Amino acid sequence: MNIVEHVSQINSLPCWRGQIQVEPLAGGMTNHNFKVEDSGKNYVVRLGADVPEHLLWRENEGRVSMTAAKYGFSPAVFYREPGVLVIDFIDGRVFSGDDVRNPENLRKLVDLLQRFHRQMPLRFEGYTIMFWVFQVLRHYRNMLAARDSAYSGQIPELMKIAEVLERDVGPVDIVFGHNDLLAANFIDDGEKIWLIDFDYAGFNSPLFDLSNLASNSELDEAQERHLLALYFDRPVSAGFWRSYNAMKCASLLRETMWSMVSEAYSTIDFDFADYTRENRSRFERAWQHYTQT
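Residues numbered from 1 in each chain as written. Predicted model: local features only at pLDDT ≥ 70, side-chain atom pairs only at ≥ 80, totals over all residues. Heavy atoms only, no water.

Enquirer: Looking at this structure, how should I read the overall build of the protein chain?
Expert: When its secondary structure is counted, the protein chain shows 10 helices and 10 strands. Overall size of the protein chain, expressed as C-alpha extent along the three principal axes, is 60 × 45 × 35 Å. When each of the 293 residues of the protein chain is scored for burial, the buried share is 52%. Considering only intrachain contacts with a sequence separation of at least 6, the fraction spanning at least 24 residues in the protein chain is 69%. Taken together, the 30 basic and 41 acidic charged side chains of the protein chain have centroids lying 5 Å from each other. (Helix = DSSP H or I, 4+ residues; strand = E, 2+ residues; numbered from the N terminus. Buried < 20%, exposed > 50% of the residue type's maximum accessible area, 1.4 Å probe, protein only. Contact = heavy atoms within 4.5 Å. Lys, Arg positive; Asp, Glu negative; His and termini not counted. Charge placed at Lys NZ, Arg CZ, Asp CG, Glu CD.)

Here you go:
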């Protein structure tokens, strides 16, 4: 579907009150995003079908979005139907890595994540998913084998590393995770920070969100230790630090294999091959550091 067809689909939605103005938004590697002005109010429209190769189910995304909005974590949901999610547009600053690394912002993000992790399960209605990164990696191995990927010869070694990391992570607490904490998934409107984009949200270890946030925003070791101490309200022991870093390596490996699978399956216009190279390099640096400490 091209942009003209997307705009036509948006115009046909039954939720609008008047003549709308539609503007494409940048970003979105599994969906298409648009800003819509309707009767003086702005919305974001997210268009996207299920993505089975990534275990991404729009019904789950919609349910999480509804609950997160109801309890103030995310913008209000204005309308949804299969493959369509319309939410309020937040007029604010989309975070960058620099914003995440700011000490005051980092404190606020820890508070936001603590509340999201612990409160969402108490308020969620209906089913949701379990996002266990190591099972996702096994799924990606199978998806790549099914397409006879150019990376097939490299996968056995990567999966051996995944086995080591899963063992080293060890026992974990389970919370309700976002599971895709790019800096751009936080928006500051000047009064509060909003959390958006729940494509992969579901139950997980808090270590995944924390390590994912840290690696995506390039926190240094001192900032990472501070992040963990803030979140868990205790000193970071050597064993816990190793468990955290194992999860960080797994997060980076997941992003690498996510991109490998996207190369084979996605129809989105994006240079996934370059994205694979970038994330493979980030993973290899983290893995090398992990094995040397």
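Enquirer: Please clarify how the packing of helix α9 (residues 238-265) against helix α10 (residues 272-291) should be interpreted in this entry.
Expert: Each pair of packed helices gets described by two things: the angle between the helix axes and the distance between those axes. Two elements in contact, α9 and α10, have axes whose closest approach is 8 Å; the angle formed by their N-to-C orientations is 160°. One finds that α9 runs roughly antiparallel with respect to α10. When the axes of α9 and α10 are compared, the crossing they make is left-handed. (Axes fitted to C-alpha atoms, helices over the stretch in contact; angles between N-to-C directions. Parallel < 35°, antiparallel > 145°, perpendicular 65-115°, else oblique. Left-handed = near helix turned anticlockwise from the far one by under 90°.)

Enquirer: What exactly am I supposed to notice about the packing of aromatic side chains here?
Expert: For any pair of aromatic rings, the description rests on two quantities: the centre-to-centre distance and the angle between the ring planes. Taken as a whole and judged by the stated rule, the model has 20 aromatic pairs. Geometrically, the ring pair formed by Tyr 231 and Phe 232 is edge-to-face, given 4.7 Å between the ring centres and 65° between the ring planes. One aromatic cluster is present, formed by Phe 73, Phe 116, Phe 124, Phe 176, Phe 198 and Phe 203 through successive ring pairs. Across the ring face of Tyr 200, the terminal group of Arg 254 is positioned such that the distance to the ring centre comes to 4.6 Å. (Phe/Tyr/Trp six-rings, centres within 6.5 Å; stacked < 30°, edge-to-face > 60°. Lys NZ or Arg CZ within 6 Å of the ring centre and 35° of its normal.)

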